[in-house]
Amino acid sequence: MLSGPLWERCQAIVQDIDIGSTHQPESTLNIAQWTSHSVLDLSGLAVFGQEPGWLARYPDLPASLERRVATGHIRKIVLAIFPQPIRSLLLSSLFRVQELADLRRIQQVVRDLACIERQKIIKTNNNNKQSQNTECEDPPPPPPLNIISAMLQSADSSLSEEEVIGHILIFLVGASETTSASFQWMIIELCKHPNVQTRLREEVQSHWPSLSLSLSSANTTPTKPPPLFSAIKSLPYLRAVVDEVLRLHPAVVLTEHEATQQTTISGTLIPKGTLLLSPPLATNLNPRLWGDDAAVFNPGRFLLDNMNHGALGDESGRLRCANMTFSHGPRSCPGQSVARLMLACLTAGFVHSWEVSLRDPGQSYVPAEAVYARPMPDLMVTLKKVLE
Ligand code: HEM
């Protein structure tokens with residue numbers, strides 16, 4: 001399962017933050033850069049089972065991905081504003097050279113990753129066959145499952161090479177840029193609400209021994225979640241803070257869907273082929289759903305006691321539906337559990353090791369006008385080591 005390796009990797013990344021001289025009581029970090037690199041590294045582990053540091057093999061990848069995400073936003077605007085013939089003309093004239101070069105670079109990486117995964121699967125299958133033929137001892141354990149290897153190994157998988165590459169590409173961008181933006185908003189909220197940061201630290205510190213211990217217990221079965229996963233789930237305040245950051249700062253600012261058949265939404269006729277753009281914030285900040293403090297950062301609203309008496313009465317199922325950050329329905333985000341896990345592991349490790357505050361407390365941060373709404377300008381923080 002993913003949670004153990006992900007937890008270990010998160011803690012190593014957080015511990016490795018270089019704050020310069022050990023004699024300095026505190027230091028400044030460009031957390032925007034740090035997060036973007038760290039989360040891409042983690043996504044490699046979660047999605048393709050890559051070893052720590054795999055990014056070093058592809059030094060140009062982060063910049064290419066960043067440019068691709070930026071042009072993706074312009075593409076969305078063009079799609080929303082212009083009719084079809086002008087759209088195609090604009091898109092092909094705006095993006096040809098640089099975009100094609102970036103796309104080729106990213107596709108090459110993705111091909112590489114797909115190839116590595118296929119080789120791992122072939123090796124595991126060969127080991128299994130060999131041990132059956134020779135009736136020797138058990139074969140070496142297979143490498144831990146990741147999203148792409150699960151997809152490649154699934155019994156009904158009839159995906160072509162191009163389809164596999166397409167999926168890896170969506171996962172690579174979808175997993176890293178979104179989670180990175182969300183973690184940066186997490187840090188901003190923790191800095192703006194030191195009381196929340198302190199309460200979270202207390203909860204994490206008090207569970208730290210069981211979090212570390214649960215890594216070493218191996219009584220995992222396919223039907224039973226691994227102990228670490230249960231341990232993280234048993235930290236109610238951590239879960240509440242993650243949920244509240246995701247609600248207030250949806251990383252995907254606009255989802256787009258095309259009606260495949262004529263339908264109606266709240267009585268409005270939607271003809272087949274209509275492009276539907278939906279901003280999650282319209283729902284996530286709706287006072288009718290969330291109460292008068294809908295726009296306020298208040299993790300407490302997600303604690304069970306408060307959920308039963310909140311604006312939605314005791315309908316906690318409705319509360320989940322009122323959060324559009326991962327969308328809902330058949331095209332909702334398939335990586336939401338991994339995203340929550342990455343955010344929870346990174347946040348727990350961060351508050352365990354560091355006291356964090358804004359380097360420029362007067363600075364206000366706004367969502368970037370891009371496909372993924374990371375805070376702008378680049379987030380700079382001051383870190384102080386938490387004394388054990
Ligand atoms: C905080 C982090 C994340 C947010 C806010 C987020 C949000 C979203 C949203 C809103 C969509 C579009 C849903 C729709 O069109 O209705 C989406 C799609 C997708 N996400 Fe995420 N996501 C996050 C993290 C992840 C992670 C970690 C993964 C992979 C492990 C992932 C994989 C995908 C994929 C593959 C799609 C495309 C699904 C499809 O086309 O059917 N996402 N995500």
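Conventions and cut-offs
Residues numbered from 1 in each chain as written. Predicted model: local features only at pLDDT ≥ 70, side-chain atom pairs only at ≥ 80, totals over all residues. Heavy atoms only, no water. Helix = DSSP H or I, 4+ residues; strand = E, 2+ residues; numbered from the N terminus. Buried < 20%, exposed > 50% of the residue type's maximum accessible area, 1.4 Å probe, protein only. Contact = heavy atoms within 4.5 Å. Areas by Shrake-Rupley, 256 points an atom, 1.4 Å probe, with all protein chains shown as cover. Salt bridge = Lys/Arg side-chain N within 4 Å of Asp/Glu carboxyl O. Lys, Arg positive; Asp, Glu negative; His and termini not counted. Polar contact = N/O pair within 3.5 Å; in protein donor to acceptor, adjacent residues only side chain to side chain. Phe/Tyr/Trp six-rings, centres within 6.5 Å; stacked < 30°, edge-to-face > 60°. Lys NZ or Arg CZ within 6 Å of the ring centre and 35° of its normal. Near = heavy atom within 4 Å.

Participant: So what exactly am I meant to see when it comes to the overall build of the chain here?
Facilitator: Across its full length, the chain holds 14 helices and nine strands. Every one of the 388 residues in the chain was classed for burial, and the buried ones make up 44%. Intrachain contacts of the chain at a sequence separation of at least 6 include 72% that bridge at least 24 residues. Accessible area for the chain stands at about 20,700 Å²; split by element, carbon and sulfur atoms hold 57% of it.

Participant: Any chance you could explain the pattern of salt bridges here in plain terms?
Facilitator: Two side chains with opposite charge may pair up if their charged atoms get near one another. Per the counting criterion, the structure on display carries eight salt bridges. Between D360 and R359 there is a salt bridge, with its nearest N and O atoms 3.1 Å apart. R374 is the partner of D378 in a salt bridge, and the nearest nitrogen-oxygen pair spans 3.2 Å. Taking the relative accessible area as the measure of exposure, D378 reaches 32% and is therefore partly exposed. Judged by relative accessible area, which is 25%, R374 ranks as partly exposed. Linked through salt bridges whose partners overlap, the residues forming this network are E244, R247, D293 and R301.

Participant: How do you make sense of the side chain of E203 when you look at a structure like this?
Facilitator: Within the secondary structure, E203 is located in helix α7 (residues 194-216). Despite its burial, E203 pairs with no opposite charge; the closest candidate is R199, at 6.4 Å N-O. Within the structure, the side chain of E203 is placed 2.8 Å from the backbone nitrogen of Y237, a separation counted as a polar contact. Apart from the residues within four sequence positions on either side, E203 is in contact with L235, P236, Y237 and L238.

Participant: I keep staring at the packing of aromatic side chains and nothing clicks. Help me out?
Facilitator: The geometry of two aromatic rings is summed up by the distance between their centres and the angle between their planes. As enumerated under the stated definition, the model contains six aromatic pairs in all. A centroid spacing of 6.3 Å and a plane angle of 50° characterise the contact between W34 and F183, whose relative ring orientation is tilted. Highlighted residues: W34 in helix α2 (residues 31-48) and F183 in helix α6 (residues 161-192), separated in sequence by 149 residues. Neither residue differs from the other here; W34 and F183 are each classed as buried. Cluster of aromatic residues (ring-pair linked, three or more members): W34, F183 and F350. Over the face of the ring belonging to W290 we find R247, whose NZ or CZ atom lies 5.0 Å from the ring centre.

Participant: I keep staring at the site of the ligand and nothing clicks. Help me out?
Facilitator: Around the ligand, the surrounding shell holds 23 residues, and the nearest of these are S182, H257, S327, R331 and C333. At a separation of 3.5 Å, a nitrogen atom of the ligand approaches a polar backbone atom of G174. Residue S327 places a side-chain N or O atom 2.8 Å away from an oxygen atom belonging to the ligand. Within the residue set of the shell around the ligand, elements represented by two or more residues are α6, β2 (255-258) and α14 (336-353). Considering each element in turn, the shell around the ligand owes the most residues, seven residues, to α6.

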